[in-house]
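These are the residues of each chain, in order.
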Amino acid sequence: MTNIFDKCKRTHYSDQVNPEMAGETIKVTGWVHEIRDLGGIVFVLIRDKNGLIQLTAPSKKISEELMADVRAARKETIITVTATVQESNKAPNGVELIPSNIDVINVSQLPLPLDTTEKVDAEMDTRLDSRFMDLRKHDVNAIFKIKSQILHTTRNYFYDKDFTEITTPKLVASATEGGTELFPITYFEKEAFLGQSPQLYKQMMMATGLDNVFEIGQIFRAEEHDTLRHLNEAISIDAEMSFNSHEDVMNLLEDLIKNVLKDVEDKCTVQLEDLGHELDIPTGAFPKVTYEEVIDIVNSHDAEMEYGEDLNRAAEKVLGETMGSYYFITDWPTKIKPFYVMPKEDDPEKSTAFDLMYRDLELSSGSQRIHDYDLLYKQLEAKDLNPASFEKYLQAFKYGMPPHSGWGMGADRLTMVITGAKNIRETVLFPRDRRRLTP
Ligand code: AMO
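Residues numbered from 1 in each chain as written. Predicted model: local features only at pLDDT ≥ 70, side-chain atom pairs only at ≥ 80, totals over all residues. Heavy atoms only, no water.

**Notes on the overall build of the chain**
Item 1. For the chain, the helix and strand inventory stands at 13 helices and 16 strands.
Item 2. Its C-alpha atoms put the chain at 85 × 55 × 40 Å along the principal axes.
Item 3. Burial status across the chain gives 51% buried among its 439 residues.
Item 4. Long-range pairs, those at least 24 residues apart, make up 65% of the contacts in the chain with a sequence separation of at least 6.
Item 5. Carbon and sulfur atoms make up 49% of the accessible area of the chain, which totals about 21,700 Å².
Item 6. The averaged location of the 74 negative side-chain charges in the chain is 6 Å from the averaged location of its 50 positive side-chain charges. (Helix = DSSP H or I, 4+ residues; strand = E, 2+ residues; numbered from the N terminus. Buried < 20%, exposed > 50% of the residue type's maximum accessible area, 1.4 Å probe, protein only. Contact = heavy atoms within 4.5 Å. Areas by Shrake-Rupley, 256 points an atom, 1.4 Å probe, with all protein chains shown as cover. Lys, Arg positive; Asp, Glu negative; His and termini not counted. Charge placed at Lys NZ, Arg CZ, Asp CG, Glu CD.)

Laid out in structure tokens, this is it:
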């Protein structure tokens, strides 16, 4: 008996077959995407990783037995076809395949949970319930190919800049960004939490002499609200640099995004086409606007905001319309930023904290950090946090902690911007939100 892997070994992917190959015998393997039986002729579209290819079976040219095999092809069944390439100006890539053999590799059950031919727009929940099938649609899997490119470029970028990649624990003992957004878990006889940010660990790495570190990893936020921008589990790209100011790391962030956009533009043309999305590539430096300017902008439009408040949704919308694509918000009040944020030397009410926005969406937050032990201790107390819970973190600040800065950027949100997705759930394979814990 032929080994099943020998049986389904293809000679070509769909996109590798072209009219110049007319007359050649090839083998393709894929899912039955669509069948059109016109009586004397049957068309079967076969889908693989890279696209669609058409099988054409005219009853005049093909044995009855093979014709029966073609007719038996069910939607989403995996088949391997040995066939002769023929030019066709009506089929994808200008070719059709005239079959000489069909092997059924695995039969799909019917009815299907989703229509992979994209003619029926399914609800998000239905799609997520059968995500494996949802990703058979090219415009859906395009998002994940682009996300993969975003992460690939990001890693390469950091390696090229001599950063060390780190991985830090996601089972943690204390909050980093303030105490309300934590998922408590039972950790043997102790209480623990799912990490909401690698913040404390990446800062401790500054005390090791590694200088520049990055991490790409899960963050967990017990956000109650159900929005198109928040999930309870997200991917954060975190960077931290010793001996560099908040302005230095803002430049790093801007440069990284420009590199990511360039790579996506160069390497993901097919995916962007599948999505019908045009990349928004900024020319020149990202504009900067101070928090105080933001308040003026917001209040001079149809929204309200007071000094000391975070941006509300209406404020974000106004800003998005006023500022356009990528821009930084700087000089945030120290009072509303986390304890580790370095206040401005000349005006400690204001801080070195910045946010990077894309229109009305926050992509990243960062700052210079406090490296002085006494000041850090004082800030913990000022934020009503218990320094004793931060003892092991604080220790790293006692024995030569370099001045340092960094940021964290939501990889899923960046993917939203780059793919044009309106709902963050589109950019996450198996999103975790208030209502969804499976699959
Ligand atoms: P912050 O809390 O602003 O900062 O998070 C950084 C970035 O992570 C993304 N993000 C999220 N994405 C989806 N769903 C969520 N619930 C969610 N929460 C956050 C956003 C956000 O801008 N320690 C700091 C970073 C630093 O200063 O280095 C931090 O965690 O894109």
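**Some words on the packing of helix 5 (residues 138-160) against helix 7 (residues 246-267)**
Item 1. Contact pair helix 5 / helix 7: the axes reach a minimum separation of 9 Å and the direction vectors enclose 130°. Classed by the angle they form, the pair helix 5 and helix 7 counts as oblique. Taken as a pair, helix 5 and helix 7 cross one another with a handedness that is right-handed. Of helix 7, the residues touching helix 5 (which contributes Ile146, Gln149, Ile150, Thr153, Thr154, Tyr157 and Phe158) are Leu252, Asp255, Leu256, Asn259, Val260, Asp263, Val264 and Lys267.
Item 2. Among the residues forming the contact of helix 5 with helix 7, the class breakdown is eight nonpolar, four polar and three charged. (Axes fitted to C-alpha atoms, helices over the stretch in contact; angles between N-to-C directions. Parallel < 35°, antiparallel > 145°, perpendicular 65-115°, else oblique. Left-handed = near helix turned anticlockwise from the far one by under 90°. Nonpolar A, V, L, I, M, F, W, Y, C, P; charged D, E, K, R; others polar.)

**Considering the environment of Thr427**
Item 1. As for its position among the elements, Thr427 is in the segment after helix 13 (411-419).
Item 2. The class of Thr427 is buried, set by a relative accessible area of 0%.
Item 3. When residues no more than four places from it in sequence are discounted, the contact partners of Thr427 are Ile143, Phe144, Lys147, Asp412, Thr415, Met416, Thr419 and Ala421.
Item 4. Polar contacts involving the side chain of Thr427 include one to the main-chain carbonyl oxygen of Ile424, which spans 2.8 Å. (Polar contact = N/O pair within 3.5 Å; in protein donor to acceptor, adjacent residues only side chain to side chain.)

**A look at helix 9 (residues 291-299)**
Item 1. Among the residues of helix 9, those classed as buried are Tyr291, Val294, Ile295, Ile297 and Val298. Take helix 9 and look down its axis: the buried residues cluster within an arc of 165°, on one side only.
Item 2. Residues of helix 9 that are buried sit in contact with strand 12 (288-290), helix 10 (313-323) and strand 13 (326-330). (Arc of directions from axis to C-beta.)

**Some words on the nonpolar core**
Item 1. Of all hydrophobic cores here, the largest spans 41 residues; its most connected members are Phe158, Ile257, Val264, Tyr326, Trp407 and Ile418.
Item 2. By residue number, the principal contributor to this core is helix 7, which donates nine residues. (Core = buried A, V, L, I, M, F, W, Y, C linked by side-chain atoms within 4.5 Å.)

**Description of empty space enclosed by the protein**
Item 1. This structure, assessed with the given rule, holds one cavity of 30 Å³ or more.
Item 2. The computed volume of the largest cavity comes to approximately 40 Å³.
Item 3. Surrounding the largest cavity, Leu261, His277, Leu279, Asp280, Tyr326, Tyr358, Val417 and Ile418 form its lining.
Item 4. Of the residues contributing to the lining of the largest cavity, the split by class is six nonpolar, one polar and one charged. (1 Å grid on protein atoms, 1.4 Å probe; cavity = no way out; pocket = protein on both sides within 12 Å on 5 of 7 lines; lining within 4 Å. Points joined across faces, edges and corners; volume = space filled by probe spheres on them.)

**Regarding the site of the ligand**
Item 1. Taken together, the neighbourhood of the ligand is formed by 23 residues, with Gln199, Lys202, Arg221, Glu362 and Arg369 sitting nearest.
Item 2. Within the contact set of the ligand, a nitrogen atom lies 3.1 Å away from a side-chain nitrogen or oxygen of Glu223.
Item 3. Within the contact set of the ligand, a nitrogen atom lies 3.1 Å away from a side-chain nitrogen or oxygen of Tyr340.
Item 4. Alone, the ligand offers 620 Å² of accessible surface; in the complex the protein occludes 93% of this.
Item 5. Elements represented by at least two residues in the shell around the ligand include exactly helix 6 (199-206), strand 15 (361-368) and strand 16 (404-410). (Near = heavy atom within 4 Å.)

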